[in-house]
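A look at the structure
As a plain string of letters, each chain reads:
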Amino acid sequence: MIKTNNISVNVEKVIDNRTLDIRLSKIRKAQKIFSTYTQEQVDKIFLAVAVAADKARIPLAKMAVRDTGMGIVEDKVIKNHYAAEYIYNAYKNIKTCGIIERDATFGWTKIAEPIGVIAAIIPTTNPTSTTIFKILIALKTRNGLIISPHPRAKECTISAAKILLDTAVKAGAPEGIIGWIDAPSVELSNQVMREADLILATGGPGMVKAAYSSGKPAIGVGPGNVPAIVASSADIRMAASSILMSKTFDNGMICASEQSAIVLADVYDNFKKEINYQGGYILNKEDAKKVGKLIIINGALNPKIVGQSAYTIAKMAHVKVPLDAKVLIAEVESTEFIREPFAHEKLSPCLALYKAKTFDDAINKAERLIEQGGLGHTASLFINHEKDYDKIQLWQSRMRTGRCLINTPAAQGGIGDLFNFKIKPSLTLGCGSWGGNAVSENVGVNHLLNIKVLACRRENMLWYRVPEKIYFKRGSLAIACREFKEVYQKKRAFIVTDKFLYYSGFTNKITQYLDEMGIQHATFFDVTPDPTIEIAQAGAEAMKTFQPDLIIAIGGGSPIDAAKIMWVLYEHPEVVFQDLAMRFMDIRKRITKFPPMGTKAYFCAIPTTSGTGSEVTPFAVITDSRNHIKYPLADYELLPKMAIIDPDLTMDIPKSLTAASGIDALTHALEALASTMASDYTNGMAREATRLIFKYLPDAYTYGGKNVKAREEMANASCMAGIAFANAFLGVCHSMAHKLGSYHHIPHGVANALLINEVIKFNCSEAPVKMGTFSQYKYPQGLKRYSELADYVNIGGKTPANKVENLIKQIEKLKAHLEIPKSIAAAGVKESDFLKTLDKMSEDAFDDQCTGANPRYPLISEIKEMFLNAYYGKKTPLKIK
């Protein structure tokens, strides 16, 4: 029967495995109840226990010194006071129960749950303050606590635990929420660590190692061995005072206290004089050897000196010092543990004093001391922080410690909230991976919580982005070009086109308008179909020489795409092309960002074909001729500032180009419609573009410029399809077409035509092996979207599958009218060449940028199968499942 504060608790002492099992069972039952408490209930208990700890600070300090024979009562009072007041103040308003954070807009909630039962390993150096600290943070987080005291400190540790448990129960906590081992032993400590849900270990290296070897999650701390560098610019008086304040506190038992002072040579004598004046005792060489032999015995710290006064330690070493000597200081040279006892962590008022020739020499010494026995813990520097900022950065970059303290008593500064108020107060200081610990920061309530996230499905923001200005209708070119001078005051224009358009006079209209406005101009006309990186680089060099403030791309997709790349290389010659071509999953989250465009030149795109839509898209396709790779670059910085859609420029394009570009536009619309990123905004454009293409492409192909209406509507359809896929993106048909073009030189539009029906059938599966991943794409929708399109263009059908079959037939009919080959083989690709490249094409198509938005995410084997079907012209059936 234990009685404390008038509350009686029947407790069977924990002295063996059986009684420990009983105690752990009681704690678990209590914790299960405690886990249901509200924040209000927990905070009431937290406050009551903090108050009780604060009131008991003096008697508990006396007990700690009495039981352990270590330290100073007055300092232990301060530590107990700190553990109660500062921990309470740091966490009193922190939410630790249930919902701790919520964002209704994003459907995101963070919920705090307790871990369960925490094993608290308590050291002999700071027994009562550590007990207060661990009980407070355990109660704040609704955890149960089983305490394993150090045998030398069991009475004061258990007394502290009893007081706080009794107070917690009075405040409403479940009985038995805190427990302890009455007869501590290695065996029982190991059992506690094996059966707890988390171990909070503060103690010697052996105990911390045992915690991490227990098989349970553990938060442990490592040894300190803190080196303090005193730089040439330091305030010497403050440095000496701070080190003595820290080193003498509780006779040096806080692990963050300085173990060595490394002083720059030019201030060494002044520092030595100052620290001696303030009470530090400089040992002569003979006395330093005597004390050194006492510090380390058989390679380990002598426990008899831990927490003893400087006078007592000197007496034990048979060295005479004044009774009021604060710290025993030895001037030493070696930083090697094997040679110099003072280089070790000493947990007593004993200090090594080193002279450093240079600041770099001081850092080298500090590094070596930390490396041998203080990795991850704390390092200290006294310096003029305004004058020597660069030195501070050099020092911190080389200190492998969790706390790098400037002009601060390390013991008080390391535990936090005393000399810097952003460091969380704690009596358990993590050392991170450097010190073999789980955490590198000061341990707090956040480390004793399981945080779960409740995440509701949300649709990410979409967009609808187009050029600043789109001008269309016949004759719009002449009117729109006036803005180059009247609105933008441009002076130097660089025209990008191809040889055919240049020599056939297509650019003459542009140059005529420019001449009339007094705008100087140069023309680059070396763009070829499937333009290469080398062509783009050559154009950029020409731009660099000419220094335009206006870029005009005129032609089909090749000149416009090439001009976009030239624009980037001209404005940002520092960019690495391969970085810009890096594939992304979400354009908003790409690793490599495109640089801002338009700072040097305004970009205007003028199409002369009806198919690519490049004049309104953020895309550019460029070919790496050496590696047979077509790179589809994508970023809204590539979006032209102005697009001029003048159908007059498309009247005389050849039939073959009309067919290829027209079917390319149709593929743009079909893939944008099926994309995982499709929206109501893009669907309208895609459907209307498809209707116009089915209606007007046959006449545009058959009659060319003789049917002005067909040409104009095809120009509109191409632009509308471009707008659709500029915002919804494309799919695997384009991925495969890119590879078919780069490996076998099939024109892009024709490649799309050969593959699109296979892709439509592929996308119609209602139970695909893999589905495209995008938050708004909830389930397979390919069949639904294609069948709705069939209705929109008046193809019709009885069932969704029948409608899609009719849509495919309509596409085949259109392809036949356009005299497009019925298979890849019919397009002139040899079987041996095709099969030789098939695996590589399939793999490259899988990794193509366009694949990501496809509604059915393809396996490489599925891409390969589609390639084979398209090569041999197989008539595969539509399979819904």
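That block above? That's the structure.
Residues numbered from 1 in each chain as written. Predicted model: local features only at pLDDT ≥ 70, side-chain atom pairs only at ≥ 80, totals over all residues. Heavy atoms only, no water.

Points about the sheet that holds strand β21 (residues 492–498)
Using the following cut-off: Strand pairing follows a simple DSSP-based rule, namely that at least 2 bridges must link the two strands. Segments assigned H or I by DSSP are reported as helices when at least four residues long, segments assigned E as strands when at least two residues long, and all are numbered from the N terminus. For helices, the fitted axis covers only the stretch in contact; all axes are lines through C-alpha atoms, and the angles between them, taken along N-to-C directions, range from 0 to 180 degrees. Here, two residues are considered to be in contact whenever any of their heavy atoms come within 4.5 Å of each other.
Strand order in the open sheet formed by six strands is β20-β27-β24-β23-β21-β22, and the pairing between neighbours is parallel. In this open sheet, the two edge strands, each paired with only one partner strand, are β20 (469–472) and β22 (520–527). Averaged over all pairs of adjacent strands, the angle between strand axes in this sheet comes to 15°, irrespective of strand direction. When β21 meets strand β23 (residues 550–555), the two strands line up parallel, connected through four bridges. Bridging across to β23, Val-496 finds its partner in Ala-553. Of the strands in this sheet, β21, β22, β23 and β24 (602–607) touch helix α19 (residues 508–517), which is tilted by about 175° from β21.

A closer look at the pairing of β23
Note the threshold: To sort residues, take the accessible area from a 1.4 Å probe on protein chains only and compare it with the maximum for the residue type: under 20% means buried, over 50% means exposed, and anything in between is partly exposed.
In terms of residue burial, β23 counts as a mostly covered element, since six of its six residues are buried. The alternating pattern of β23 places Leu-550, Ile-552 and Ile-554 and Ile-551, Ala-553 and Gly-555 on opposite faces, both of which are buried. Pairing analysis gives six bridges linking β23 to β24, with the strands arranged parallel. From the neighbouring strand, Ile-552 faces β24, where its bridge partner is Cys-604.

Overview of the sheet that holds strand β19 (residues 449–455)
Sheet strands line up and pair through hydrogen bonds in the backbone, either parallel or antiparallel. Across the sheet, which stays open at both edges, the three strands sit in the order β3-β4-β19 with antiparallel pairing between neighbours. Each of the sheet's edge strands pairs with one partner strand only, and the pair in question is β3 (98–103) and β19. With strand direction ignored, the average angle separating the axes of adjacent strands in the sheet is 20°. In this structure, β3 lies alongside strand β4 (residues 108–114), joined through five bridges in antiparallel fashion. Bridge pairing in β4 places Glu-101 opposite Lys-110.

Considerations on the nonpolar core
The following threshold applies: Nonpolar core, defined: a set of buried Ala, Val, Leu, Ile, Met, Phe, Trp, Tyr and Cys residues in which side-chain atoms within 4.5 Å join the residues together.
Counting 81 residues, the largest nonpolar core has Phe-729, Met-736, Leu-740, Ile-760, Ile-824, Phe-834 and Phe-867 as the members making the most contacts within it. Leave out the neighbours within four places in its chain, and Leu-740 touches His-745, Ile-746, Ala-751, Leu-754, Leu-755, Ile-824, Phe-834, Met-841 and Phe-867. Among the nonpolar cores identified, the runner-up in size contains 62 residues, and Tyr-37, Val-42, Ala-83 and Ala-153 belong to it.

Observations regarding the pairing of β21
Across the seven residues of β21, six count as buried, placing the element largely inside the fold. Here β21 pairs with β22 via six bridges, running parallel. Within β22, the position partnered with Arg-492 by the bridge is Gln-520.

Quick word on the pattern of salt bridges
The following threshold applies: A side-chain nitrogen of Lys or Arg and a carboxyl oxygen of Asp or Glu constitute a salt bridge if their distance falls within 4 Å.
Counted by the stated rule, this structure contains 33 salt bridges. Note that Arg-66 and Asp-67 form a salt bridge whose closest N and O atoms lie 3.0 Å from each other. Residue Arg-398 pairs with Glu-367 through a salt bridge whose shortest N-O separation is 2.8 Å. You can see Arg-398 sitting in helix α14 (residues 389–398) and its partner Glu-367 sitting in helix α13 (residues 359–373), a full 31 residues away along the chain. With relative accessibility at 22%, the residue Arg-398 sits in the partly exposed group. With relative accessibility at 27%, the residue Glu-367 sits in the partly exposed group.

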